[in-house]
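# Descriptive structure summary
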Amino acid sequence: MASQGLSIPSIPKPEVKPVVGTGSDSVATSKPKPCCVCKNEKSKRDECMLFSKAADPALDCKTTIDQYRSCMAGFGFQV
């Protein structure tokens, strides 16, 4: 078969542009997840609540709960 002068149309390649993050995106990615911070305070709070013999464990463990809340608030979380 001889070439009859047919040309194959070229497919234009899309232009690749770098993605520039906005300020709010970079803040969201730098904030840690709540599960990853204050682990020591959280485990102390949970242990106190689970093993408390008091009728009201929340009242008995108020200091450890407050420590956990203040730690989480330091990372910007409301508990």
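Above this text is the structure in question.
Calculation rules
Residues numbered from 1 in each chain as written. Predicted model: local features only at pLDDT ≥ 70, side-chain atom pairs only at ≥ 80, totals over all residues. Heavy atoms only, no water. Disulfide = S-S within 2.5 Å. Helix = DSSP H or I, 4+ residues; strand = E, 2+ residues; numbered from the N terminus. Buried < 20%, exposed > 50% of the residue type's maximum accessible area, 1.4 Å probe, protein only. Salt bridge = Lys/Arg side-chain N within 4 Å of Asp/Glu carboxyl O. Phe/Tyr/Trp six-rings, centres within 6.5 Å; stacked < 30°, edge-to-face > 60°. Lys NZ or Arg CZ within 6 Å of the ring centre and 35° of its normal.

## Things to note about the state of the cysteines
All told, the structure shown has two disulfides when counted by the stated rule. At a sulfur-sulfur separation of 1.9 Å, the disulfide partner of C38 is C71. An S-S torsion of about -95 degrees defines the bridge between C38 and C71 as left-handed. Of the two residues, C38 is situated in the loop between α1 (23-30) and α2 (39-51) and C71 in helix α4 (residues 62-74); the sequence distance between them amounts to 33 residues. Take C38 and C71: they sit in the same class, and that class is buried. Residue pairing for C48: its cysteine sulfur links by disulfide to C61, the two sulfurs lying 1.9 Å apart. Taking the torsion about the sulfur-sulfur bond, which here is approximately -90 degrees, the covalent link between C48 and C61 counts as left-handed. Within this pair, whereas C48 is found in helix α2, its partner C61 is found in the loop between α3 (57-60) and α4, the two being separated by 13 residues in sequence.

## Re the pattern of salt bridges
Scanning the model with the defined rule gives two salt bridges in all. Between D66 and K62 there is a salt bridge, with the nearest N and O atoms lying 3.5 Å from each other. Here D66 and its partner K62 are both found in helix α4, four residues apart, which amounts to about one turn of the helix. Classification of D66 by relative accessible area gives partly exposed; the value is 34%. Among the residues examined, K62 registers a relative accessible area of 45% and is labelled partly exposed.

## Re the packing of aromatic side chains
Per the stated rule, a full pass over the model turns up zero aromatic pairs. Looking at K31, its charged tip hangs above the ring of F77, at a distance of 4.6 Å from the centre. The ring of Y68 carries the charged tip of R45 above its face, separated from the ring centre by 4.4 Å.

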